[in-house]
Amino acid sequence: MKITIAKNSGFCVGVKKAVDTAFNIGKEGVYILGELIHNESVLEKIATLGVKTIESIDELESGTLIIRSHGVSKDILDKLSEKKNVEVINCTCPFVQKIHKIVYEHYLKDYLIVIVGKAEHPEVIGINGWCNNSAIILDSEENIPDIIFSAEKVCVVAQTTYSVEKFNKILKKIKINNVKTVDVFKTICYTTMERQAEAYKLSSKCDAMVVIGGNSSSNTKKLYEICKQNCKATYCVTEPNGLDYKKLKSYNSVGIVCGASTPYEQAMEVFLTMEEKEVNTMEQAVALLDEKQNLKKGQKISVVISQANDDGLKVYFDGKTDITLLKEELACEEFDKNAYNIGDEIEVIVMATKPHLTLSQKQILVLQKEEELVKELNNDVIINVQIKGSNKGGLVGKYECFDVFVPAREIKIGFVSDLTKYTGKTLRVKPLKVEYTPRKKEIVASQRVILEAEKAQRDAERLEKEEAFFSSIALNDVVTGTVARFASFGAFVVVNGFDCLAHISDLSWVNVKNPSEVLELGKSYDFVVLKIDKENKKVSIGYKQLQPKPWELVSEKYAVGDVVTGKVVRIVDFGAFVEVEKGIDGLVHVSQISHEFLENPASKLKVGDEVNAKIIAIIPEKEKMNLSIKALIEAPQKEVKETEEKPKKEKKAKKDSDEELHSWTESASSEVSIADLLNK
Ligand code: SF4
């Protein structure tokens, strides 16, 4: 059997306040003006405290007087204010007080006041007392007095517990009769509307309905009428013990609704009797019902503020009153109890259902933020996650309220052998899966997908650049490039974003061992395109080809007769070669080394010697230069006597070297005859 207690059961906010007040201050000398609520058992309990119910204030001279939630007329309040020995505790429901204010203000502005409700109901009597009992009271759309239609201005209010349906019918009748000005205030209390709407729904789907409430309670009567329309097996009782439980248990589903003056405990009593459950406290009973009604941790619910005190709020939900909402759980920077209105509805979240219902409003904001975050996370975002550690499967970290897991295969492109090295590092990751429930907040993420996407992007850009580059260059083009890095075999030069190679042999006309002898890192130079290999994405460029050869400048830099200094770089049979500058070697013929006869140049010179020499011939087109060391040395005095053999040897050696020299300078067209110089 399924038993459902209507959510809007138990005392309404207004009744609760009055009943609590009576129980809190109840003793001899405390009085209530009129029956506090329409519930016999509650009234009996209050009476046992010594509290007396009086029907008129005339009989009261001193003591404390509680004004019930229905409220009283202005006239009564004025009279009470004159009774100096009577302390008045006004428990008029805030919703009823609001009607008093509307009626009084409109009455002062000469409006005709129309109250839709039961003329004999204490609340209606009280309201009428705020317009000097001048109101027209309507309980039907039939026989509406003509005075309403002829009035210039009409103000319509409703008894708080009146039927919404009936109110609308009466209102329609007033409006279609062309009243000039009608100010309508739909003052039916929200708890009444909710109770009626819920009773309608519940009775539509239950096999039997139980309505609990006082015989004289108008809202209980309306609930009974509504339920009876939908469900023939509707039982209305003033107390739970008036029910035929045996019969009730024969139904598959039973709904329970209560009037506003019925304590929630009575609905629970029916529920527990039907369930055959025994509980020790009301809290246990509520927890049992919550469990049955599937109230879950994390569920959002709307509650109504019934009290604001220094500790926070008391709220009303599903007929349960006095649920504490601590100020720490309210969504405000600084708690001010005066900022909260009794009767206002606020949304809260269930933090716990056991041992008692715990609510939070602040957590709603936290949840809203988290829900927004979840939307973002599901929107292909990249997040930065600090890695806290690793487990067998991958890396673990935290992002906002989420635990993050990066599987090992999702860390990078390729295999990761050591996961521990990522601890403490921040990874850019993309969520692959977001799990968000009250119990689990987890993201499975990947860095690999980002890296792959970036690589694909880079590859595409590179291809595009390459295409553009190759279509922009041709052999022998002169291009400007920036030296990016050196290798032993040359320099890599960036030309229009593309890496080209300038081989070391193409850097200089002279031998260089390192590209840095010619080029500087980061500097830009002009190069000539030597080779284009589009298929293999290689381009060779040369630097030296744009530079003059050393011999091309030799005529500008040197002239016959100049004295130069250089190092002996190699020695041959017929002389020694001296490096005048990089790329220009001059020959010092053996006969030009010394004034004395030398059979072998090495007898006077060795590689590395630094010498001064005079240029005796330059032949640029043959890249040849003749030098003489001895021309810079004063000739010694000739010996008078010569041996017979020495001239022969000298003659032969001279002949040989002359021949070698001739072959080296065969095409010489020097301004100075070499032979002449040699003979000097
Ligand atoms: S039914 Fe509404 S108006 Fe009447 S006492 Fe209860 S809360 Fe106040």
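Data block above holds the structure.
What comes next concerns the included structure. (Residues numbered from 1 in each chain as written. Predicted model: local features only at pLDDT ≥ 70, side-chain atom pairs only at ≥ 80, totals over all residues. Heavy atoms only, no water.)

**Regarding the pairing of strand 22 (residues 441-446)**
When a strand is regular, its side chains alternate between the sheet's two faces.
Piece 1. Where strand 20 (residues 402-407) meets strand 22, three bridges bridge the pair, whose relative direction is parallel. From the neighbouring strand, V404 faces strand 22, where its bridge partner is I443.
Piece 2. Note that strand 21 (residues 426-436) and strand 22 share six bridges and pair antiparallel. Its bridge partner being in strand 22, V434 is matched across the sheet by I443.
Piece 3. Hairpin connection of strand 21 to strand 22: four residues between the antiparallel strands. (Pairing = 2+ DSSP bridges. Helix = DSSP H or I, 4+ residues; strand = E, 2+ residues; numbered from the N terminus.)

**Some words on the sheet that holds strand 32 (residues 624-628)**
Piece 1. Strand order in this closed barrel of five strands is 28-29-30-32-31, and the pairing throughout is mixed. Within the sheet, the average angular offset between the axes of one strand and its neighbour, ignoring direction, is 50°.
Piece 2. Inspection of the sheet shows strand 29 (residues 575-581) paired to strand 30 (residues 584-589) by six bridges, in the antiparallel sense. Following the sheet pairing, F577 is matched in strand 30 by L587. (Axes fitted to C-alpha atoms, helices over the stretch in contact; angles between N-to-C directions.)

**Quick notes on the packing of aromatic side chains**
Piece 1. Considering all chains together, one arrives at twelve aromatic pairs under this definition.
Piece 2. By the ring-pair criterion, three or more aromatic residues cluster together here, those being F469, F470 and F498.
Piece 3. The positively charged end of R485 is found above the aromatic ring belonging to F492, 4.3 Å away from the centroid.
Piece 4. Above the ring of W509, the side-chain terminus of K549 is found at 4.9 Å from the ring centroid. (Phe/Tyr/Trp six-rings, centres within 6.5 Å; stacked < 30°, edge-to-face > 60°. Lys NZ or Arg CZ within 6 Å of the ring centre and 35° of its normal.)

**Some thoughts on the site of the ligand**
Piece 1. Lining the immediate environment of the ligand, one finds C12, G14, S69, C93, F95, T160, T161, C189, T191 and T192.
Piece 2. Under a 2 Å grid-point criterion requiring more than half of the atoms, the pocket assigned to the ligand is the largest cavity.
Piece 3. Looking at the shell around the ligand residue by residue, the class counts come to four nonpolar, six polar and no charged. (Near = heavy atom within 4 Å. 1 Å grid on protein atoms, 1.4 Å probe; cavity = no way out; pocket = protein on both sides within 12 Å on 5 of 7 lines; lining within 4 Å. Sits in = over half its atoms within 2 Å of the grid points. Nonpolar A, V, L, I, M, F, W, Y, C, P; charged D, E, K, R; others polar.)

**Here's the deal with the nonpolar core**
Piece 1. Core analysis: the biggest nonpolar cluster contains 32 residues, and V210, L248, I256 and V257 have the highest contact counts within it.
Piece 2. Counting residues per element, the ones that place at least two in this core are strand 1 (2-5), helix 8 (190-205), strand 10 (208-212), helix 9 (218-230), helix 10 (245-248), strand 12 (253-258) and helix 11 (264-275).
Piece 3. In terms of residue count, the dominant contributor to this core is helix 11 (seven residues).
Piece 4. Residues contacting V210, with those up to four places away along its chain left out, are Y235, V237, L243, L248, V254, G255, I256 and V257. (Core = buried A, V, L, I, M, F, W, Y, C linked by side-chain atoms within 4.5 Å. Buried < 20%, exposed > 50% of the residue type's maximum accessible area, 1.4 Å probe, protein only. Contact = heavy atoms within 4.5 Å.)

**A closer look at a positive patch on the surface**
Piece 1. A surface patch of like charges, here positive, comprises K2, K7, K201 and K205.
Piece 2. Looking at where K2 falls in the secondary structure, it is placed in strand 1.
Piece 3. Overall, K2 belongs to the exposed group, its relative accessible area being 57%. (Patch = residues over 30% accessible without salt bridge, like charges linked within 9 Å, V, L, I, M, F, W, Y side chains within 5 Å. Areas by Shrake-Rupley, 256 points an atom, 1.4 Å probe, with all protein chains shown as cover. Salt bridge = Lys/Arg side-chain N within 4 Å of Asp/Glu carboxyl O. Lys, Arg positive; Asp, Glu negative; His and termini not counted. Charge placed at Lys NZ, Arg CZ, Asp CG, Glu CD.)

**What to know about the environment of Y190**
Piece 1. Tracing the backbone through its elements, the reader meets Y190 in helix 8.
Piece 2. Separated by 30 residues in sequence, Y190 and T160 have C-alpha atoms that sit 8.4 Å apart.
Piece 3. Apart from the residues lying within four places of it in its own chain, the contact partners of Y190 are V13, F95, V304, Y316 and G343.

**A look at the environment of V182**
Piece 1. Within the secondary structure, V182 sits in strand 9 (residues 181-184).
Piece 2. A residue is classified by how much of its surface remains accessible, and V182, at 22% relative accessible area, is partly exposed.
Piece 3. Taking C-alpha positions, V182 is 34 Å from N338, a pair spaced 156 residues apart along the chain.
Piece 4. The residues touching V182, leaving out its near neighbours within four places in the chain, are V154 and V156.

**Focus: the packing of helix 1 (residues 13-25) against helix 2 (residues 40-48)**
Piece 1. Relative to each other, helix 1 and helix 2 sit at 25°, their axes nearing to 9 Å. One way to sum up the angle between helix 1 and helix 2 is to call them roughly parallel. Seen along the crossing, helix 1 lies across helix 2 with a hand that is left-handed. Across from V19, A22 and F23 in helix 1, the residues of helix 2 making contact are V42, K45 and I46.
Piece 2. By residue class, the composition of the contact of helix 1 with helix 2 is five nonpolar, no polar and one charged. (Parallel < 35°, antiparallel > 145°, perpendicular 65-115°, else oblique. Left-handed = near helix turned anticlockwise from the far one by under 90°.)

**Overview of the sheet that holds strand 12**
Piece 1. Read from one edge to the other, the open sheet built from four strands follows the order 1-12-10-11, with strand pairing classed as parallel. What marks the edges here is a single partner per strand, and that holds for strand 1 and strand 11 (234-237). The mean angle between the axes of side-by-side strands here comes to 15°, regardless of whether they run parallel or antiparallel.
Piece 2. Relative to strand 11, strand 10 runs parallel, the two sharing four bridges. Bridge pairing links M209 to T234 in strand 11.
Piece 3. Against the sheet, helix 8 contacts strand 1, strand 10 and strand 12, and its axis sits at roughly 165° relative to strand 12.
Piece 4. Together, strand 10, strand 11 and strand 12 form the strand contacts of helix 9, whose direction differs from that of strand 10 by roughly 175°.

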